[in-house]
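Read off the chains here:
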Amino acid sequence: MRHIIHADLDAFYAAVEQLDNPELAGKAVLVGGRPENRGVVATASYEARKFGVHSAMPMRTAVHRCPQGIIVPPRFSRYREMSQKVMGIFRELTDLIEPLSLDEAYLDVTSVVEGGQKPLAIALDLKGRIANETGLTLSVGVGTCKSVAKIGSDLDKPDGLVVVQPGDEAEFLAPLAVNKLWGIGPKTAERLHREGVETIGHLAGQPLEWFARTFGQRAASIRDKAMGRDDEPVHTERTAKSLSSETTFANDIGDEAELRSVVERKAVDVAHQLERKGLKGRTVSVKLRLSDFTTFTRQSTLPYHTNAEEPIKETAWALLSAELEPGRTFRLLGVGVSNFDEPEEAEEQQLSLFPDDYAFLTDVEGV
Ligand code: DCP
Ligand code: MG
């Protein structure tokens, strides 16, 4: 049996701003771009969320709903610094950590539990350390698998703590709405709603044929998750399956020539990382974030493994150029390579010399 923690900082960017500027503490803080520049909210403090403000909302709407909100421009390098501090504290508890973004990670604490500590005590201790050593509040979910832990950490935010005891997974999930389940997006949730399936418990109770008919190839995995079973491991940096480089722009970019030059620079950066680590990959991906914060990736697989600049550049540019539309602007652009050739043993050892690299860490240009 495993014990997994999902840890997610509360209102991360806004919390850092409140920490660094005590005048903002306890106030409605809106981190993001100015309304007159068609800016959007990156995140809002919980004081502002009470007024219906949320991430990715146009700042103009946010200011309308919450006129007392204080707009603060984002400082990505400071968030990255705080993130490193937080991830360092996680890593003191266990090496088995999988960062998902700057403010969120899975931790496999099985060996800590086997060493005699209770999951609840581990979670409380972790929350306490983050609070004392960084001043930030952390929400924690604990369970026997990743999907249950992740749902748990979100359920009781901010400063949340949800521990799901082994054996209680299905009962814990049963009353929750189906869209809380990983893999059930808004469209699927709507379809299930039309069939009268509203809760995860209701979903889990459907017959096998219904799952096959409704989800096709995903049937088994969704059914397992609905029952609180998920054997997906915590992927640590050491088993990193991709390398990437990404940039957040100070101002959104729509100009084709400018985008091309950024994508080429990112591609060269990834090619150099591959070379340094003795790796070659076949799948090239681009990660794109639009001005409204919609984020998506596109990928393409080459017929051969490579770490050469040209094919990575060309593939990344082909993927990006297919997404260009008049008036569409980008606030983040990343290039990644995955699907590696099996590394030689010596190279595997070399990989573990860089335990602090994690995929898609934001680097900021021009801020
Ligand atoms: N973020 C962003 N745009 C989004 C969502 C998030 O720029 N559409 C940034 C700002 C957040 C950070 O990523 O502070 C972490 O995202 P979360 O979804 O974890 O949101 P928060 O930490 O802000 O709030 P919560 O307390 O809900 O976790
Ligand atoms: Mg968060």
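This text gives an overview of the structure that appears in the document. (Residues numbered from 1 in each chain as written. Chains lettered and ligands numbered in written order. Predicted model: local features only at pLDDT ≥ 70, side-chain atom pairs only at ≥ 80, totals over all residues. Heavy atoms only, no water.)

1. Details of the overall build of the protein
And then number 1: When its secondary structure is counted, the protein shows 15 helices and 13 strands.
And then number 2: For 367 residues, the compact-globule estimate of 2.2 N^0.38 gives 21 Å, and the protein sits close to it at 22 Å.
And then number 3: Each principal axis of the C-alpha distribution contributes one length, and for the protein these read about 55 × 55 × 45 Å.
And then number 4: Counting only residues that meet the buried cut, the protein has 47% of its 367 residues in that class.
And then number 5: Within the protein, residue pairs in contact and separated by at least 24 positions form 66% of the contacts whose partners lie at least 6 positions apart.
And then number 6: Of the roughly 17,900 Å² of accessible surface on the protein, 49% is carried by carbon and sulfur atoms. (Helix = DSSP H or I, 4+ residues; strand = E, 2+ residues; numbered from the N terminus. Rg over C-alpha atoms; globule rule 2.2 N^0.38 Å. Buried < 20%, exposed > 50% of the residue type's maximum accessible area, 1.4 Å probe, protein only. Contact = heavy atoms within 4.5 Å. Areas by Shrake-Rupley, 256 points an atom, 1.4 Å probe, with all protein chains shown as cover.)

2. Remarks on the site of ligand 1
And then number 1: Around ligand 1 sit 14 residues, and of these Ala 11, Thr 43, Tyr 46, Arg 49 and Asp 103 come closest.
And then number 2: The contact in question runs from an oxygen atom of ligand 1 to an N or O atom on the side chain of Asp 8, over 3.2 Å.
And then number 3: In the environment of ligand 1, an oxygen atom lies 3.0 Å from a nitrogen or oxygen atom belonging to the backbone of Phe 12.
And then number 4: For ligand 1, the protein covers 76% of the area, taking 550 Å² as the surface of the free molecule.
And then number 5: Of all the elements in the fold, those that place two or more residues in the shell around ligand 1 are β1 (4-9), α1 (12-20), β3 (41-44) and α2 (46-49).
And then number 6: Grouping the amino acids of the shell around ligand 1 by side-chain chemistry returns 7 nonpolar, 2 polar and 5 charged. (Near = heavy atom within 4 Å. Polar contact = N/O pair within 3.5 Å; in protein donor to acceptor, adjacent residues only side chain to side chain. Nonpolar A, V, L, I, M, F, W, Y, C, P; charged D, E, K, R; others polar.)

3. Side note on unusual backbone geometry
And then number 1: Cis geometry marks the peptide bond from Lys 157 to Pro 158, where omega comes out at -5 degrees.
And then number 2: Relative to the assigned elements, Pro 158 resides in the loop between α7 (146-155) and β8 (161-163).
And then number 3: Phi is positive for Arg 38, close to 55 degrees, though the residue is something other than glycine.
And then number 4: Relative to the helices and strands, Arg 38 is located in the loop between β2 (29-32) and β3.
And then number 5: Of note, the phi angle at Phe 293 is positive, near 80 degrees, even though the residue is not glycine.
And then number 6: Along the polypeptide, Phe 293 turns up in the loop between β10 (281-290) and β11 (295-306).
And then number 7: Under the relative-accessibility criterion, Phe 293 is labelled buried at 18%.

4. What about the sheet that holds β1?
And then number 1: Spatial strand order, β5-β6-β1-β7-β8: 5 strands in an open sheet with mixed pairing. Pairing within the sheet leaves two strands with one partner each, and these edge strands are β5 (97-101) and β8. Within this sheet the neighbouring strands show an average axis-to-axis angle of 15 degrees, counted without direction.
And then number 2: As defined by bridge partners, β1 adjoins strand β7 (residues 138-143) across 6 bridges and the pair is classed as antiparallel. Looking at β7, one finds that Ile 4 is bridged to Gly 143.
And then number 3: Packed onto the sheet, helix α6 (residues 119-134) meets β1, β6 (104-108), β7 and β8 and runs at close to 165 degrees relative to β7. (Pairing = 2+ DSSP bridges. Axes fitted to C-alpha atoms, helices over the stretch in contact; angles between N-to-C directions.)

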